[in-house]
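Listed below, chain by chain, are the residues.
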Amino acid sequence: MPPKSVPLPAKPSKPYFFYGHRKPSQNRPVVYGGLFSNRQVLKPPQSPLPPSPPFDLRKWDPHHLSQNPSPPPISTPHQHSKLSPIARFIIDAFRKSQYSWGPSVVFELNKLRRVTASLVAEVLKVQDDPILASKFFHWAGKQKGFKHNFASYNALAYCLNRNGRFRVADQLPELMDSQGKPPTEKQFEILIRMHADKNRGQRVYYVYQKMKNFGIKPRVFLYNRIMDALVKTGYLDLALSVYEDFRGDGLVEESITFMILIKGLCKAGKVAEMLEVLRRMREMSYKPDVFAYTAMIKILVSKGNLDGCLRVWEEMQRDGVEPDVMAYVTLVAGLCKGGRVQRGYELFKEMKKKGILIERVMYGVLIEGFVKDGKVGSACGLLKDLIDSGYRADLGIYNSLIVGMCDVKLIDRAYKLFQVTVQEGLEPGFATVKPMLLVFAEMRRMSDFCKLLEQMQKLGFSVNDDLSKFFSFVVEKGERTIMAVRVFNELKVKGYGSVLIYNILMGALHKTGKVKQALSLFQEMKDLNFEPDSSTYSNAIICYVEDENIKEACICHNKIIEMSRVPSIDAYYSLTNGLCKIGEIDAAMVLVRDCLGAEKVMEVLNEMMQEGLPPDNIICSAIISGMCKYRTIEEARKVFANLRTRKLLTEANVIIYDELLIEYMEKKAADLVLSGLKFFGLESKLKAKGSTLLSR
């Protein structure tokens, strides 16, 4: 028996490019194969683009694009892979010239035997330089036997708009008309769509007016697009005028036409006009569906027009449209936020009667509404209904109920709810415990207050930070400042306290006129070895100045400077004002220069006077110092006279400042005389005559 022949391994078939076996290269970056093609793109490394310069309106000129050069576009092989060979040749010519129009580009383009309008459109579709695109478009139009078609004009419009030259794109209809190619509705539709997509309502109306000037009547679709763009950008009056033109052209409204107007009228709060449009809509055998009615209600809710919402709801029932869950939730939420929670609860019961599935969000909205209305019992009843319906209350619902119970002083029940949130793992925050802390403080139940703080610490709260938030909340009402100090006096015994809390209480005591108590807190803080910060010293400066203790205020200022920090503006103002009152104008001016910078002082003062702010001691002292140093006493008096004429100073204040001006000028003159005597060595003669001037 002859031996069996061993089959040779199958020879691999020669790869055929149709199935994608050809490797991509720079010359053929994409392989167009069959179903199993391995299409790839070789992308050269790109360097990051430099940031574009900010737009300067003063340099902008809509008539000369070259004055606003765009950065050279970055082209990729993938972008040009589907271009025709001639289009790629043109793009390469642009690239070689570094995307600037010039003789080298024209020389390359003149090599082409023939340029067609479709070729121009093909190039413009991928061109990202509006200047270069416009130059190329103009060059092509001057070629022998060439005429642009609608495709090339449209491509230029897209290119200009894509690169922010939409005002230039709006001039294309005139260009088309001048070149014997009158624009059609399509060209205006392109411009309108571009402006509508970018929410440029006024430009939409501008193009629409131009369209009318060319004698072109839009179709219903384009009319709807125009009115919708105007309504969305807040130009309802213009939209209504377009609608009048629509009716004047004898066109018949579609359902979308009515809905555009209805939404715009709802947004403007014109419910009566909206109902009139709705009536005309019914006459045309149209009626809004539940989604349209929900949209109307949502718009009116956002504007706070609850009466309009209820009127729309009645119209929906009149049309026999059955509201869905979203319609109910939208209206109920609006009613609860607007203080009409009882009407919202009636709609809630109507939903339950119809067997509509009620979401947890509606329970939350109603509970919050009842709490704001002071009906905590009804809110608790809804919580029971929520749990019976198989839902689990979220933290927002519990927070609302805790706030409501604390408002009616049911603090023990509120604390039980807080325990429930902990047991259910809802991770309560400061918003949960804040109302309970306030009630415990008001009822002087400090043991419970501290017990809650201990539990907060176990739960991972940052107790000192939350106490700072608590005291900030308490002192927002000035009448509760004393209570805040009392609570803090009991807490600091148990080790609770921070520099921030001291700062909050000092500021609150100063605002309520209790400067002595604020300073006692400042002293106590230092006695307890708390390190005051710049805010502490700034508060102390203000209090010391009001207590007429300028020396201590200056010491506090120096402490802040030693810390390499800057006092607050109020502290600067207070200390400077105090120094001016005791006649220390030089020291005050040093502070002003430190606060504002010497070169900015006069500029700031001029701005204050231009704003009509009445000048105070700081401003007038600055004027006195500056005029005495650089001008004359008469120039300073002219300034005060001008302020008196502008009714920025009273006659009495002018007299006071004039006396200060003379006194300060005499002091400066005396200092100058003494300096001269010392310079010329006349001290001995003066001393021999018994003068004590030089001993000062």
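Per chain, residue numbering runs from 1 following the sequence as it is written. At least 70 in pLDDT is required for a residue's local features to be given in this predicted model, at least 80 for side-chain atom pairs to be given and counted, and no such filter applies to totals for whole chains, interfaces and linings, which use all residues. Side-chain numbers come from the whole structure's heavy atoms, not from hydrogens or water.

1. Thoughts on empty space enclosed by the protein
In step 1: In this analysis the probe radius is 1.4 Å and the grid spacing 1 Å, with only protein atoms considered; a cavity is a set of points the probe fits into but cannot get out of, a pocket is an open set with protein on both sides within 12 Å along at least five of seven lines, and lining residues have an atom within 4 Å of a point. Grid points are joined across faces, edges and corners, and a volume is the space filled by probe spheres set on the points. This model, assessed by the stated rule, comprises one cavity of 30 Å³ or more.
In step 2: Computed from the structure, the largest cavity encloses a volume of approximately 60 Å³.
In step 3: In this classification, Asp, Glu, Lys and Arg are treated as charged, Ala, Val, Leu, Ile, Met, Phe, Trp, Tyr, Cys and Pro as nonpolar, and every other residue, Gly included, as polar. Class assignment of the residues belonging to the lining of the largest cavity gives a composition of seven nonpolar, two polar and no charged.

2. Topic: the pattern of salt bridges
In step 1: Here a salt bridge means any side-chain nitrogen of Lys or Arg lying within 4 Å of a carboxyl oxygen belonging to Asp or Glu. Within the structure shown, the criterion is met by 32 salt bridges.
In step 2: Between Glu315 and Arg318 there is a salt bridge whose closest N-O contact spans 3.6 Å. A residue pair is termed a helical-turn pair when its members lie 3 or 4 positions apart in one helix, as Glu315 and Arg318 do in helix 16 (residues 306-318) at three residues.
In step 3: For each residue, the accessible area found with a 1.4 Å probe, counting protein chains only, is set against the maximum for its type, and the residue is called buried under 20%, exposed over 50%, and partly exposed in between. Residue Glu315 is classed as buried on the basis of its relative accessible area of 10%.
In step 4: Under the relative-accessibility criterion, Arg318 is labelled exposed at 60%.
In step 5: Through salt bridges with shared partners, one network takes in Glu185, Glu189, Arg193 and Arg219. Every helix listed is a DSSP run of H or I at least four residues long, and every strand listed is a run of E at least two residues long, numbered separately from the N terminus.

3. Some details on the nonpolar core
In step 1: Side-chain atoms within 4.5 Å are what join buried Ala, Val, Leu, Ile, Met, Phe, Trp, Tyr and Cys residues into a set we call a nonpolar core. Ranked by internal contacts, the top residues of the largest apolar core, which has 183 residues, are Met436, Phe449, Phe471 and Leu491.
In step 2: In this structure Phe471 touches Ala484, Val487, Phe488, Leu491, Ile501, Ile504 and Leu505, once residues within four positions along its chain are discounted. Here a residue-residue contact requires only that any non-hydrogen atoms of the pair lie within 4.5 Å.

4. Focus: the packing of aromatic side chains
In step 1: Only rings of Phe, Tyr and Trp enter the pairing, Trp through its six-membered ring, and a pair is recorded when the two centres are within 6.5 Å. The plane angle decides the type: under 30 degrees is stacked, over 60 is edge-to-face, the rest tilted. Under the defined criterion, the tally for this structure stands at 22 aromatic pairs.
In step 2: Taken together, a centroid distance of 5.7 Å and an interplanar angle of 80° make the contact between Phe94 and Phe136 edge-to-face. With a gap of 42 residues between them, Phe94 in helix 2 (residues 85-96) and Phe136 in helix 5 (residues 130-141) connect regions that are remote in the sequence. Side by side, Phe94 and Phe136 carry an identical accessibility label, which is buried.
In step 3: Over the ring of Phe166 we find Arg200; its NZ or CZ atom is 3.8 Å from the centre of that ring.
In step 4: Charge-over-ring placement is defined geometrically: NZ (Lys) or CZ (Arg) within 6 Å of the ring centre, and within 35 degrees of the ring normal. The ring of Phe473 is capped by Lys434, whose NZ or CZ atom sits 4.3 Å from the centre of that ring.

5. What about the environment of Lys516?
In step 1: The residue Lys516 is located in helix 28 (residues 515-527) in this model.
In step 2: Using a relative accessible area of 59% as the deciding quantity, one classes Lys516 as exposed.

6. Things to note about the confidence of the model for the protein
In step 1: Confidence of the prediction at every residue is given by pLDDT, a number between 0 and 100. Taken residue by residue, the protein gives an average pLDDT of 80. The fraction at 70 or more is 76%.
In step 2: Low confidence marks residues 25-78, where pLDDT is under 50. Its contacts with residues over four positions away, or in another chain, come to 65 contacts.
In step 3: Contacts for the low-pLDDT stretch residues 596-605, under 50 throughout, to residues beyond four places or in other chains number six contacts.

7. Some points on helix 17 (residues 325-337)
Along an α-helix, residues three or four apart share an orientation, since each turn contains 3.6 residues.
In step 1: Taking 1.5 Å of rise per residue, 13 residues should cover 18 Å, and helix 17 covers 18 Å from first to last C-alpha, within 8% of that figure.
In step 2: In this structure, the buried residues of helix 17 make contact with helix 15 (290-302), helix 16, helix 18 (341-354) and helix 19 (360-372).
In step 3: Where helix 17 ends, the next residue or the one after it, Gly339, has phi of about 85°, a positive value. Helices are assigned an expected span. That span is 1.5 Å times one less than the residue count.

8. Here's the deal with the UniProt feature "repeat: PPR" (unreviewed entry) in the protein
In step 1: In the numbering used here, UniProt assigns the "repeat: PPR" (unreviewed entry) feature to residues 149-183, 219-253, 254-288, 289-323, 324-358, 359-393, 394-428 and 498-532.
In step 2: Across residues 254-288, the secondary structure splits into 74% helix and 0% strand, with the terminal C-alpha atoms separated by 12 Å.
In step 3: As a span, residues 394-428 carries 74% helix and 0% strand, and end to end its C-alpha atoms are 10 Å apart. UniProt positions are given in the numbering used here, feature names are shortened, and annotations may be inferred rather than shown by experiment.

9. Some details on helix 12 (residues 236-248)
In step 1: Over its 13 residues, helix 12 extends 18 Å from the first C-alpha to the last, a length consistent with the 18 Å expected when each residue adds 1.5 Å.
In step 2: Here helix 12 has its buried residues at Leu236, Ala239, Val242, Tyr243 and Phe246. Seen along its axis, helix 12 keeps its buried residues to an arc of 115°; they face one direction. Within helix 12, the exposed residues directed more than 90 degrees away from the buried face are Asp237 and Gly248.
In step 3: Positive phi shows up at Gly250, right after helix 12, with a value of about 75°. Note that the arc is computed from the directions linking the helix axis to the C-beta atoms.

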